[in-house]
Number of protein chains: 2
Amino acid sequence: MAHSESTQAAPNNPRLSPEDGRLRRGRRSRALILKAARELFEERGFDEATLRAIAERAGMGASSIYRHFQSKEELLIADLDELQEEAWRRFREGDDRKAPTRKRVTRFLDAQHQLLAEDSDLTLIALRATTRPGVRVAQQVLALNDRTIGLLMEIMQMGRMQSQLKRNVDVLEAARVVFNITQGARIPWANGLTDAETCRQAIQKGVDLLFGGLDKSG
Amino acid sequence: MAHSESTQAAPNNPRLSPEDGRLRRGRRSRALILKAARELFEERGFDEATLRAIAERAGMGASSIYRHFQSKEELLIADLDELQEEAWRRFREGDDRKAPTRKRVTRFLDAQHQLLAEDSDLTLIALRATTRPGVRVAQQVLALNDRTIGLLMEIMQMGRMQSQLKRNVDVLEAARVVFNITQGARIPWANGLTDAETCRQAIQKGVDLLFGGLDKSG
DNA sequence: CCATTAACGCGAACAGGATCGCGTATTCAA
DNA sequence: TTGAATACGCGATCCTGTTCGCGTTAATGG
């Protein structure tokens with residue numbers, strides 16, 4: 001009585017062994033759902049992929065999906081999570097911590113862009129998700145974004161300590177600006193108004209402007 | 001035969017006088033719908049305001065709304081349009097064309113913020129709308145955004161000609177960055193994670209960073 | 001007058017995301 | 001063995017944005 005924290009989905013009973021038969025079946029179902037969802041998102045796009053179709057391909061009823069996910073969008077951000085990890089991994093391998101800060105930032109953004117460019121849907125839905133306050137998926141995406149911002153901040157913090165950047169810059173705010181530049185640049189792309197390369201260049205230009213500044217140096 | 005351009009909504013028969021009784025009734029209905037929609041958005045928020053409730057308050061059936069608007073979101077961007085006009089108006093009156101560019105930009109952004117701060121829903125839905133490619137409302141919002149970017153560009157172009165800004169800055173790209181800073185800063189606010197003043201300051205800080213640059217000047 | 005043509009309005013129906021209540025399977029404790 | 005607890009699965013149902021087909025109203029032209 002009186003413990004209905006989350007609406008449902010995602011069991012969290014500490015007394016249950018991870019090898020519990022119920023949980024194992026659950027994990028398998030979850031995997032099947034994700035697989036089906038990814039395939040259908042790829043084939044038809046997010047909005048055209050019906051939950052009922054996903055469920056059918058996963059071999060279950062539509063309502064069962066809600067045992068494992070709280071919303072359709074969560075099926076996507078599961079991917080987003082992995083994709084970000086991958087972007088960071090690619091960035092870190094081959095990263096030169098002594099390279100110019102601007103270069104390091106660009107390298108990270110390129111790695112991220114390369115991955116996102118393969119799936120404009122993901123970008124779009126992630127953005128859309130943040131426009132639904134109260135829904136859990138919004139907070140999940142915002143948390144992911146914060147992690148990205150954190151990484152950018154880390155890079156710039158290092159640059160500031162090496163006196164590559166002005167001493168008084170607020171690295172957190174700077175990281176946010178960089179992030180917002182990327183987000184903004186992706187909207188026209190995800191809407192089919194520009195291609196991936198143009199999007200990449202827009203990000204590049206924006207970052208260059210930020211680093212160089214607009215004011216005539218005096 | 002074969003002329004179904006728009007799905008429907010918005011008559012455009014040049015042979016009809018604007019004083020045509022049908023059109024007049026239509027305009028009245030449109031106004032009633034907008035009034036009801038604004039009230040309900042205000043009272044319950046966008047997502048909680050049902051089309052059926054809006055229609056009821058407007059004194060008609062829900063489906064009739066689609067004679068005048070193509071989607072629920074269009075009920076909002078009608079406001080967005082006016083709000084932007086108002087922001088520009090407020091900015092222009094009392095604008096000093098010889099003031100420092102950074103100051104002028106800030107003034108405009110403050111004027112805009114002051115209006116948007118009254119209605120976080122509007123901000124959120126406008127953003128959400130741009131994540132729905134193909135739907136007309138997306139293009140409408142993108143067009144409005146472009147107009148804002150255009151105004152910012154205008155301001156900065158003037159600053160560049162007065163040698164306040166570096167000669168080689170891409171003012172269009174700079175304007176986009178400024179715009180993206182504002183958009184990004186509003187997301188946490190619209191999600192209830194920060195208050196309006198924090199949002200304003202974030203925009204302020206971001207713009208300052210952009211103008212000043214991150215690189216240690218050399 | 002009457003036929004034609006639009007713009008309007010409406011109730012019914014559709015579609016798809018999400019919820020509910022109930023039944024099943026698995027585990028553990030007594 | 002039995003009973004409680006818990007994770008799962010499912011069909012029915014709800015909710016709401018949107019579409020459809022039909023009837024109504026107002027102007028136009030012969």
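Preceding this section is the structure that the text describes.
Residues numbered from 1 in each chain as written. Chains lettered and ligands numbered in written order. Predicted model: local features only at pLDDT ≥ 70, side-chain atom pairs only at ≥ 80, totals over all residues. Heavy atoms only, no water.

Student: Got a sec to walk through the packing of helix 4 (residues 101–116) of chain A against helix 8 (residues 196–212) of chain A? Specific residues and values, please.
Tutor: Residue and element names in this part refer to chain A. It is at 11 Å that the axes of helix 4 and helix 8 come closest, and there the two elements cross at 155°. It follows that helix 4 is roughly antiparallel to helix 8 by the angle criterion. Every pair of crossing elements has a handedness; the one defined by helix 4 and helix 8 is right-handed. Packed against helix 4, whose contacting residues are Thr101, Arg102, Val105, Thr106, Leu109, Asp110 and His113, the element helix 8 presents Ala196, Cys199, Arg200, Ile203, Gln204, Val207, Asp208, Phe211 and Gly212 at the interface. Here the contact of helix 4 with helix 8 is composed, by residue class, of seven nonpolar, five polar and four charged. (Axes fitted to C-alpha atoms, helices over the stretch in contact; angles between N-to-C directions. Helix = DSSP H or I, 4+ residues; strand = E, 2+ residues; numbered from the N terminus. Parallel < 35°, antiparallel > 145°, perpendicular 65-115°, else oblique. Left-handed = near helix turned anticlockwise from the far one by under 90°. Contact = heavy atoms within 4.5 Å. Nonpolar A, V, L, I, M, F, W, Y, C, P; charged D, E, K, R; others polar.)

Student: Could you give me a rundown of the side chain of B:Lys72, with the residues and numbers involved?
Tutor: All names here are of chain B. Structurally, Lys72 can be placed in helix 3 (residues 72–92). No salt bridge is formed by the buried Lys72; its nearest oppositely charged neighbour, Asp47, is found at 5.2 Å. Reaching out from Lys72, the side chain makes a polar contact with the backbone oxygen of Phe46 at a distance of 2.8 Å. At a separation of 2.8 Å, a polar atom in the side chain of Lys72 contacts the main-chain carbonyl oxygen of Ala49. When residues no more than four places from it in sequence are discounted, the contact partners of Lys72 are Phe41, Phe46, Asp47, Ala49, Leu51 and Tyr66. (Buried < 20%, exposed > 50% of the residue type's maximum accessible area, 1.4 Å probe, protein only. Lys, Arg positive; Asp, Glu negative; His and termini not counted. Salt bridge = Lys/Arg side-chain N within 4 Å of Asp/Glu carboxyl O. Polar contact = N/O pair within 3.5 Å; in protein donor to acceptor, adjacent residues only side chain to side chain.)

Student: Go over the interface of chain B and chain A, please, and point to the residues and values.
Tutor: If you look at the interface, chain B gives 41 residues, while chain A gives 41 residues. Our count for the chain B to chain A interface comes out at two salt bridges. The closest approach of N and O atoms between A:Arg102 and B:Asp215, which form a salt bridge, is 2.4 Å. At the surface where chain B touches chain A, the tally comes to 20 residue pairs in polar contact (both at pLDDT 80 or more). Of all the secondary structure elements, the ones that give two or more residues to the side of chain B that touches chain A are helix 5 (120–129), helix 6 (136–161), helix 7 (171–190) and helix 8 (196–212) of chain B. In terms of residues, the side of chain B that touches chain A owes the most to one element, helix 7 of chain B, which gives nine residues. In terms of residue class, the side of chain B that touches chain A is made up of 20 nonpolar, 11 polar and 10 charged.

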